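Tertiary structure, described
In case you want the letters, here they are:
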Amino acid sequence: MDHLPQSNPATPPVQLYPLGDAALVLQFDESISEATHRHIQAVARLFDQHPFPGLVEYVPAFTTLTVYYDPWVISQAGRHDPYQSAVAAVQHLLGQVQAAAPEAVTELVEIPVCYGGSFGPDLGTVAQHTGLTPSEVIALHTTPEYVVYMIGFAPGFPYLGGMPEHLATPRKTEPRPLVPAGSVGIAGRQTGVYSLPTPGGWQLIGRTPRRLFTPEVTPPSLLRAGQRLRFVAISEEEFQCQQHEL
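Residues numbered from 1 in each chain as written. Predicted model: local features only at pLDDT ≥ 70, side-chain atom pairs only at ≥ 80, totals over all residues. Heavy atoms only, no water.

Right, let's talk about the pattern of salt bridges for a bit. Applying the stated criterion to the full structure yields five salt bridges. Put simply, Glu-110 and Arg-230 hold a salt bridge, and the shortest N to O gap is 2.4 Å. Linking Glu-110 in strand E6 (residues 108-115) with Arg-230 in strand E14 (residues 228-233), this pair joins segments that are 120 residues apart in sequence. (Salt bridge = Lys/Arg side-chain N within 4 Å of Asp/Glu carboxyl O. Helix = DSSP H or I, 4+ residues; strand = E, 2+ residues; numbered from the N terminus.)

Shown next as structure tokens:
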């Protein structure tokens, strides 16, 4: 495992290790935090601004950034070791993190949610576990500006940071065989939105009429890592109207 020095001495060194023969992982930290997320986003912007020859794509996560590359291209048709060439390219970019352009202020995405009832069958469970009323759960859940830490589990599924700790509720002991797309759930200290109909064990507290993943459009995912969003409570009538409009 390589340790890549950073230009900011207060920033822990990034640990780097191979993932197969055509990817490498940048490990920024061991725990999820806003500072780690910002660091990952700063490096991701550099890959966008200065892609090195052979870069295929990168995938940000909670504490890592996985970089996929073309071994033949990055090794200059086999003249160099592809992994070491990728390490050198990444190290060069990491040295520019402090000089990178500041992060642009992202537009706040509003996600309308109809809470409770058939759309949020576990709202009462969350209320009982947290000692709150259903109305207080909704009020707390719609208060913060969340940050999209990563997209994963299913295409377009956002893992969000910023949920009030008081809302933390364990997953269901038995997952549902099918969760409708748009369902908003809580699992432990996390909240997220099911982008596709899939099995799932999160506590469902509501549903949004917005489509988070639309494969026929570009980009197909409504959200991306680094964006901010806010949940807005709507009525069932508003849900039906918005669903027909989309």
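Following the structure, the description resumes.
Before going further, it helps to spend a moment on unusual backbone geometry. Of note, the amide linkage connecting Thr-218 to Pro-219 takes the cis form, showing an omega dihedral of -5°. Position of Pro-219 relative to the elements: it lies in the loop between strand E13 (203-207) and E14. Positive phi, close to 55°, is recorded for Gln-76, a residue that is not glycine. Within the secondary structure layout, Gln-76 lies in the loop between helix H2 (71-74) and helix H3 (82-94). The phi dihedral of Phe-153 falls on the positive side, at around 70°, and the residue is not glycine. Tracing the chain through its elements places Phe-153 in the loop between strand E7 (146-151) and strand E8 (158-161).

What follows concerns the packing of helix H4 (residues 123-130) against helix H5 (residues 134-141). Contact geometry of H4 with H5 gives a least axis separation of 9 Å together with a crossing angle of 90°. Overall, the two elements H4 and H5 adopt an arrangement that is roughly perpendicular. Contacts between H4 and H5 involve Leu-123, Val-126, Ala-127 and Thr-130 from the former and Pro-134, Val-137 and Ile-138 from the latter. Looking at the contact of H4 with H5, its residues break down into six nonpolar, one polar and no charged. (Axes fitted to C-alpha atoms, helices over the stretch in contact; angles between N-to-C directions. Parallel < 35°, antiparallel > 145°, perpendicular 65-115°, else oblique. Contact = heavy atoms within 4.5 Å. Nonpolar A, V, L, I, M, F, W, Y, C, P; charged D, E, K, R; others polar.)

This next bit is on the sheet that holds E8. Strand order in the closed barrel formed by seven strands is E6-E13-E10-E11-E8-E7-E14, with mixed pairing between adjacent strands. Here the strands of the sheet are splayed against their neighbours by 40° on average, with no regard to which way each runs. The pairing of E7 with E8 spans four bridges and is classified as antiparallel. Bridge pairing in E8 links Val-147 to Gly-161. Against the sheet, H4 engages E6, strand E10 (183-187) and E13, with an angle of about 125° to E13. (Pairing = 2+ DSSP bridges.)

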